[in-house]
Amino acid sequence: MPGLDSLRFTNRFTRELPGDPDTRNLRRQVRGACWSRVSPTAVCKPELVAHAWEVAKLLDLEVTADNVVAFAEVFGGNRLLEGMDSFAMCYGGHQFGNWAGQLGDGRAINLGEVINQRGEHWTLQLKGAGPTPYSRTADGLAVLRSSVREFLCSEAMHHLGVPTTRALSLVATGESVVRDMFYDGNPKHEPGAVVCRVAPSFVRFGNFQIFGAREEHDHLRQLADYTLRHDYPHLGQPCAENYAAMFNEVCERTATMILHWMRVGFVHGVMNTDNMSILGLTIDYGPYGWLEDYDPDWTPNTTDAQGKRYRFGAQPQIALWNLLQLGNAFYPLVGDAKPLEAGLDRYAAVFQQGQRAMMASKLGLSSRDAAEEEPLVAELWPLLNAVETDMTLFFRGLAEVRCEGAAMVDDAGMLAPLEPAFYQPELVDETHRKLLAGWLKQYQARVREDGTPDAMRRESMNRVNPLYVLRNYLAQLAIDKAEHGNYNLVRELLEVLRHPYTEQPGKESFATKRPEWARSRAGCSMLSCSS
Ligand code: AMP
Ligand code: MG
């Protein structure tokens, strides 16, 4: 396996798209450019906390005892390799529904684009490697706690089968970063860190929006042509029709991504249009969270506690709203609203159809006629919401409910596999138990109609309903240890989350519901944007 010095850089973004002629690293409005040249800020003591070997492999890299020091230097931002061409991207975005103007990579610095032996292109991006022209009033840095969260969740999502940016490495910088976690006048020194993210492209809806808003249509077209050429080459040459086709495919991919989020119980927390990828990847892991007890109104983001714009159940609607903003940005290219509206309709169709299929698979049922709504699904959600029921454990438990020869089992026996999903079993009263048993009987009847043997149903359900997800409190436990220099739990979680659907002996504690102490602890049930 070749080492760091054999990485081959292609750097198409900086070679093919207009850059900012001003190379000073000063905060400013950058007009007429897709990117600004900027180098990472060196740190005093880079130390590799963890890395994902599969991501290294995508780059034809292997981390060994011989190169780990150099690896930490490069991915902590201390050294640029031959061929790297580091830059920050210019983009805008709608934040919480309002146009925010220029945002840009305020603490992300792209190192360059690599081509691997299989001819795949991967862009390497450091997050938290110092200020850029887009840093506005902030410092360009990231703290260890948010970097652990980004690193672990990127990889967890990938292994769950959710489209996402990847994370190559997590490097502690040895420097301290000041953060006022709850914006309440209590700033603290926290350990700093840098994550190296990896994706085929980090272009966001906001990269197009900024040119739309500034009426820089020439640049808008150049970025669209670039994206079509490299990310959507199967759609053909640049022309109004193919820009619309690209928008249509972004709509489809976004629908697919959201379906996966809803399947696994992921809440992004900050679905601003600058946090939406043009490739339909989950991007920017900030105050995200995982549903524990099923509650469609839950948001992990304290900044969003009032309006709950980005709550779990609203994510499909918000994605559509974001696509509408992207559609507006595409309008000057397409010159006609109809094909763009068709893209939005396509989003709705892919989502609705996909949701039916996804729910059928979560329940282990055959998908019926696309037009037929599954009444069982509609009746299930209120039941899960009525008493605190862990979504992840419920679906794993449901896979264990006997349907063959079920008439023999009484209500209590039927509910037994679901018992671990109740947060407060003593509060689950008879009425609720009866309702749930009633639902289970309908479920069993429906399974029997399908004629699926229990063993086969369990197997198929366990392929779409994860056992191990990055529960908010698990990430926090790993952070608590990491902040004291112990990285074992970060590494162990990374390893467990590589096989989220498979029961792993000895790892039972990673599949248990949130303990009582975590119910109201910061980082476990609520997160601020301060990171
Ligand atoms: P986010 O809400 O994390 O997506 O961030 C919105 C914008 O703020 C993006 O342009 C980020 O790059 C920028 N930003 C967030 N945190 C920092 C920071 N610590 N330093 C500089 N820019 C930041
Ligand atoms: Mg962002």
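Since this is a predicted model, take the numbers as computed values, not measurements.

## Some details on the overall build of the chain
And then number 1: Within the chain one finds 16 helices and 11 strands.
And then number 2: At 24 Å, the chain has a C-alpha radius of gyration in line with the 24 Å of a compact globule built from 531 residues.
And then number 3: Considered along the principal axes of its C-alpha atoms, the chain spans approximately 75 × 55 × 50 Å.
And then number 4: Within the chain, the fraction of its 531 residues that count as buried is 57%.
And then number 5: A sequence separation of at least 24 residues applies to 73% of the contacts in the chain between residues at least 6 apart.
And then number 6: Accessible surface, the chain as shown: approximately 21,000 Å² in total, 52% of it carbon and sulfur.
And then number 7: Taken together, the 54 basic and 66 acidic charged side chains of the chain have centroids lying 2 Å from each other.

## Describing the state of the cysteines
And then number 1: Counted by the stated rule, this structure contains 0 disulfides.
And then number 2: Cys90 provides the cysteine sulfur closest to Cys34, a residue in no disulfide bond, and the two sulfurs are 7.9 Å apart.
And then number 3: Residue Cys34 is classed as buried on the basis of its relative accessible area of 2%.

## Looking at the packing of helix α6 (residues 217-230) against helix α8 (residues 315-334)
And then number 1: At a closest axis distance of 10 Å, the pairing of α6 and α8 adopts a crossing angle of 95 degrees. As the angle between them shows, α6 and α8 are arranged roughly perpendicular. Of α8, the residues touching α6 (which contributes His217, Leu220, Arg221 and Ala224) are Ala329, Pro332 and Leu333.
And then number 2: In terms of residue class, the contact of α6 with α8 is built from 5 nonpolar, 1 polar and 1 charged.

## Focus: the coordination of the magnesium ion (ligand 2)
And then number 1: For the magnesium ion (ligand 2), the full set of protein donor atoms is Asn275 (OD1) and Asp284 (OD), at a range of 1.9 to 2.2 Å. We note that Asn275, like Asp284, is buried.

## Section: helix α5 (residues 205-213)
For an α-helix, the turn length of 3.6 residues means that residues three or four places apart are oriented alike.
And then number 1: With 7 of its 9 residues buried, α5 lies for the most part within the structure.
And then number 2: Regarding α5, the residues found buried are Phe205, Gly206, Asn207, Phe208, Gln209, Ile210 and Phe211.
And then number 3: Against β3 (87-89), β4 (92-95), β5 (98-102), α6, α7 (240-264) and α8 lie the buried residues of α5.
And then number 4: Residue Glu215 follows α5 closely and has a positive phi angle near 55 degrees.

## So, the site of ligand 1
And then number 1: Not every one of the 17 residues close to ligand 1 is listed here, only the nearest: Gly104, Gly106, Arg136, Gly140 and Asn275.
And then number 2: Here an oxygen atom of ligand 1 sits 2.5 Å away from a polar atom, N or O, in the main chain of Gly104.
And then number 3: With respect to ligand 1, the side chain of Arg107 contributes an N or O atom lying 3.3 Å from a nitrogen atom.
And then number 4: Residue composition of the shell around ligand 1, by class: 4 nonpolar, 6 polar and 7 charged.

## Details of the packing of aromatic side chains
And then number 1: On inspection of all chains with the given rule, the structure shows 19 aromatic pairs.
And then number 2: When the ring of Phe247 is compared with that of Phe330, the centres are 5.8 Å apart and the planes differ by 45 degrees; the resulting orientation is tilted. One end of the pair, Phe247, is in helix α7; the other, Phe330, is in helix α8, with 83 residues separating them in the sequence. Accessibility assignment for this pair places Phe247 and Phe330 in one class, buried.
And then number 3: Consider the rings of Tyr347 and Phe351, whose centres lie 6.2 Å apart with planes at 10 degrees: the pair is stacked. Residue Tyr347 and its partner Phe351 are both found in helix α9 (residues 337-363); the two are separated by 4 residues, about one turn of the helix. The same class applies to Tyr347 as to Phe351, namely buried.
And then number 4: One aromatic cluster in this structure is built from Trp261, Phe266, Tyr285, Tyr288 and Trp290.
And then number 5: Residue placement shows Arg149 over the ring face of Tyr288; its charged tip is 4.0 Å from the ring centre.

## Points about the domain arrangement of the chain
And then number 1: As far as domains go, the chain holds domain 1 (4-204) and domain 2 (365-398 + 400-461).
And then number 2: For domain 1 versus domain 2, the distance between C-alpha centres works out to 44 Å.

## Comments concerning the nonpolar core
And then number 1: Core analysis: the largest hydrophobic core is formed by 168 residues, its most contacted members being Phe13, Phe75, Phe208, Trp290, Leu363, Leu398 and Tyr443.
And then number 2: Here this core takes 13 residues from α7, the largest share from any one element.
And then number 3: Once residues lying within four places of it in the same chain are set aside, the contact partners of Phe13 are Cys34, Trp35, Phe87, Met89, Val203, Leu223 and Tyr226.

## Re the environment of Phe87
And then number 1: By the secondary structure assignment, Phe87 is in strand β3.
And then number 2: When the C-alpha positions of Phe87 and Asp105 are compared, they lie 9.0 Å apart, and in sequence the two are 18 residues distant.
And then number 3: The contacts of Phe87, once residues within four sequence positions are left out, are Phe13, Thr14, Trp35, Ser36, Arg37, Val38, Ile109 and Asn110.

## Observations regarding the environment of Val428
And then number 1: Positionally, Val428 belongs in the loop between α12 (411-415) and α13 (430-450).
And then number 2: We classify Val428 as buried; its relative accessible area is 7%.
And then number 3: In the structure, Val428 is positioned 39 residues away from Thr389 in sequence and 9.8 Å away in space, judged by C-alpha atoms.
And then number 4: What Val428 contacts, discounting residues up to four positions off in sequence, is Val387, Phe422 and Arg433.

What counts and how
Residues numbered from 1 in each chain as written. Chains lettered and ligands numbered in written order. Predicted model: local features only at pLDDT ≥ 70, side-chain atom pairs only at ≥ 80, totals over all residues. Heavy atoms only, no water. Helix = DSSP H or I, 4+ residues; strand = E, 2+ residues; numbered from the N terminus. Rg over C-alpha atoms; globule rule 2.2 N^0.38 Å. Buried < 20%, exposed > 50% of the residue type's maximum accessible area, 1.4 Å probe, protein only. Contact = heavy atoms within 4.5 Å. Areas by Shrake-Rupley, 256 points an atom, 1.4 Å probe, with all protein chains shown as cover. Lys, Arg positive; Asp, Glu negative; His and termini not counted. Charge placed at Lys NZ, Arg CZ, Asp CG, Glu CD. Disulfide = S-S within 2.5 Å. Axes fitted to C-alpha atoms, helices over the stretch in contact; angles between N-to-C directions. Parallel < 35°, antiparallel > 145°, perpendicular 65-115°, else oblique. Nonpolar A, V, L, I, M, F, W, Y, C, P; charged D, E, K, R; others polar. Donors = N, O, S within 2.8 Å, 3.2 Å for Na, K, Ca; no water. Near = heavy atom within 4 Å. Polar contact = N/O pair within 3.5 Å; in protein donor to acceptor, adjacent residues only side chain to side chain. Phe/Tyr/Trp six-rings, centres within 6.5 Å; stacked < 30°, edge-to-face > 60°. Lys NZ or Arg CZ within 6 Å of the ring centre and 35° of its normal. Domains from an automatic or database assignment. Core = buried A, V, L, I, M, F, W, Y, C linked by side-chain atoms within 4.5 Å.

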